[in-house]
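# Structural description and commentary
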Amino acid sequence: MVAESFEKTLLSHYEGLFNFVRRFTQYSDAQDIAQETIIKALNSQESFDQKRASLRTWLYTIAKNHFLSDKRKIKRRNEISFSHLVESNNNPHSQVLIKYPSSETEIDEKPDYSDLIRFIAELPKKQSEIVIRYYFLGQNYKVISKDCNLSHSDIKSRMHRAKKGLELRLAC
């Protein structure tokens with residue numbers, strides 16, 4: 001394709017591209033990703049092969065990859081280590097991550113989780129371990145009960161008590 005005609009063809013796909021990206025992100029981010037996708041496609045015109053995929057498929061793939069790349073960058077940037085929460089001697093979970101909200105609609109400043117972290121650390125060890133494993137390590141009750149050699153109902157009970165304890169502390 002001639003450069004000018006290729007550019008016009010790309011621009012004719014902008015609205016559909018924007019609507020595609022809008023399904024999984026904020027309005028302003030969708031605009032940015034759609035525009036950046038068009039720019040990337042223009043700069044990579046020589047890599048487009050009509051035999052492998054349609055122009056629409058190629059553009060949507062670029063947009064999807066761009067979105068996922070941005071998400072990974074945001075995720076890495078928003079993770080903080082709070083190893084001080086868990087004792088590090090022989091504890092496989094001594095490096096635990098807490099994730100800040102990464103939604104663009106939220107306040108630009110990172111929330112202060114210091115009270116929550118302190119309150120979790122002040123919980124009885126039996127409860128704090130369950131909270132850390134569930135919320136920060138992403139383990140489900142079945143895995144936790146197996147690892148801790150406890151019944152499913154024991155895990156649920158400890159989690160309930162931990163939540164109630166945290167609610168009381170956070171309400172003050």
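Please read these numbers as outputs of a predicted model, since none were measured by experiment.

Rules and cut-offs
- Each chain has its residues counted from 1, running along the sequence as written.
- Per-residue local features of the predicted model are confined to residues with pLDDT of at least 70, and side-chain atom pairs are confined, for both listing and counting, to 80 or more; whole-chain, interface and lining totals are unaffected and use all residues.
- Only hydrogens and water are set aside; all other atoms, that is, all heavy atoms of the structure, feed into the side-chain values.
- Fitted lines through C-alpha atoms serve as axes, helices being fitted only where they are in contact, and the angles separating the N-to-C directions of these axes extend from 0 to 180 degrees.
- Only DSSP runs of H or I covering at least 4 residues are called helices, and only runs of E covering at least 2 are called strands; the numbering of each starts at the N terminus.
- Orientation categories follow fixed angle ranges, with anything under 35 degrees roughly parallel, anything over 145 roughly antiparallel, 65 to 115 roughly perpendicular, and all other angles oblique.
- Crossings are classed by handedness, with left-handed meaning an anticlockwise turn of the near helix from the far one by less than a right angle and right-handed meaning a clockwise turn.
- Contacts were defined at the residue level, with two residues in contact if any of their heavy atoms lie within 4.5 Å.
- Only Asp, Glu, Lys and Arg are considered charged in this grouping, and only Ala, Val, Leu, Ile, Met, Phe, Trp, Tyr, Cys and Pro are considered nonpolar; every other residue, Gly among them, is considered polar.
- By convention in these notes, a salt bridge is any Lys or Arg side-chain nitrogen within 4 Å of a carboxyl oxygen on Asp or Glu.
- The quantity called pLDDT is the predictor's confidence in a given residue, expressed from 0 to 100.

The contact between helix α5 (residues 114-122) and helix α8 (residues 152-171) brings their axes to 10 Å, and the two run at 135 degrees. In terms of orientation, α5 lies oblique with respect to α8. Like other packed secondary-structure pairs, α5 and α8 cross with a definite hand, here right-handed. Taking contact as the criterion, the partners of Leu-116, Phe-119, Ile-120 and Glu-122 in α5 are, on α8, Leu-166, Arg-169 and Leu-170. Taken together, the residues that form the contact of α5 with α8 break down as five nonpolar, no polar and two charged.

Before going further, it helps to spend a moment on the pattern of salt bridges. Counted by the stated rule, this structure contains five salt bridges. Across the pair Glu-129 and Arg-133 runs a salt bridge whose closest N-O atoms are separated by 3.2 Å. With Glu-129 and Arg-133 both in helix α6 (residues 125-136) and four residues apart, the pair spans about one turn of that helix. Across the pair Asp-147 and Arg-133 runs a salt bridge, and its minimum N-O distance is 3.2 Å. Linking Asp-147 in helix α7 (residues 141-148) with Arg-133 in helix α6, this pair joins segments that are 14 residues apart in sequence.

Of all residues in the protein chain, 74% attain a pLDDT of 70 or more, and the chain-wide mean is 77. Of the regions scoring below 50 in pLDDT, residues 79-110 engages in 60 contacts with residues more than four places distant in sequence or in other chains.

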